[in-house]
Amino acid sequence: MVKQIEALVLVLFLSGIVYTTVRWGIPGTVILLGIGMVAYVIAYNYIEAWRHREALKNAAVQIDNSYIYSEEGEDCTVRSRAQAEALLLEKSGNKEFLKGNIKVHALYFRHSDTREDMVELKTEGKRIRSFLVFCQGFERFLDMVQEHQDAIETDHHIKIAKEDAEWYFDNALKQEK
């Protein structure tokens, strides 16, 4: 919702710039840009708070495990992103996360010409599972991440549905794709 509103505001602002440039020229455009920048600076904290509330709302009803993985080669942000995701799920009060049914999986890419393997590392608490993925290329890494996710999710959904079917069906349709 936030992204759609931001896109609409941007389109309206750009349309206003075009109209102002045609109508009043460069001085009018400079004035409009100044007003727009001041308005954005004032609204920035409210926009960030709104994004955070939306993220908490989505995390509160999340059913699937979270998969945080290298976005490029040797990505050093995986651990911090996984910790942030776990903290978001905890703050949201997600019932299944607090029971330990939902976990954050952190998958690290490591190039290897000689082996293709996924090794589980020491887990950080019981909420984050870390894996070191050895493979030849980043495309193969993405395939292995998808295979790992597919192997876990079906059993995961069955487990949650058996434990608390009412909560599962109330929240299954609220998932953001």
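Residues numbered from 1 in each chain as written. Predicted model: local features only at pLDDT ≥ 70, side-chain atom pairs only at ≥ 80, totals over all residues. Heavy atoms only, no water.

A few points about helix α1 (residues 2-60)
1) Next: When the terminal C-alpha atoms of α1 are compared, their 18 Å separation across 59 residues is substantially less than the 87 Å that a helix rising 1.5 Å per residue should span.
2) Next: Taken together, the buried residues of α1 touch α2 (78-92). (Helix = DSSP H or I, 4+ residues; strand = E, 2+ residues; numbered from the N terminus. Expected span 1.5 Å × (residues − 1). Contact = heavy atoms within 4.5 Å.)

Quick look at the sheet that holds strand β4 (residues 128-135)
1) Next: An order of β1-β2-β4-β3 is seen for the 4 strands of this open sheet, with the pairing classed as mixed. Edge positions in the sheet fall to β1 (66-69) and β3 (117-120), since each has one partner strand and no second. Between one strand axis and the next, the sheet turns by 25 degrees as a mean value, whatever way the strands run.
2) Next: In this structure, β3 lies alongside β4, joined through 4 bridges in antiparallel fashion. Bridge pairing links Val119 to Leu132 in β4.
3) Next: Lying over the sheet, α2 contacts β1, β2 (104-111) and β4, oriented at roughly 170 degrees with respect to β2. (Pairing = 2+ DSSP bridges. Axes fitted to C-alpha atoms, helices over the stretch in contact; angles between N-to-C directions.)

A word on the side chain of His156
1) Next: On the secondary structure map, His156 appears in helix α4 (residues 138-163).
2) Next: With relative accessibility at 7%, the residue His156 sits in the buried group.
3) Next: Ignoring sequence-local partners within four residues, the contact set of His156 consists of Ile63, Asp64, Asn65, Asn101 and Ile102. (Buried < 20%, exposed > 50% of the residue type's maximum accessible area, 1.4 Å probe, protein only.)

Details of the environment of Leu142
1) Next: Structurally, the position occupied by Leu142 is in helix α4.
2) Next: The exposure class of Leu142 is partly exposed, given its relative accessible area of 36%.
3) Next: For the pair Leu142 and Ala43, spaced 99 residues apart in sequence, the C-alpha to C-alpha distance is 37 Å.

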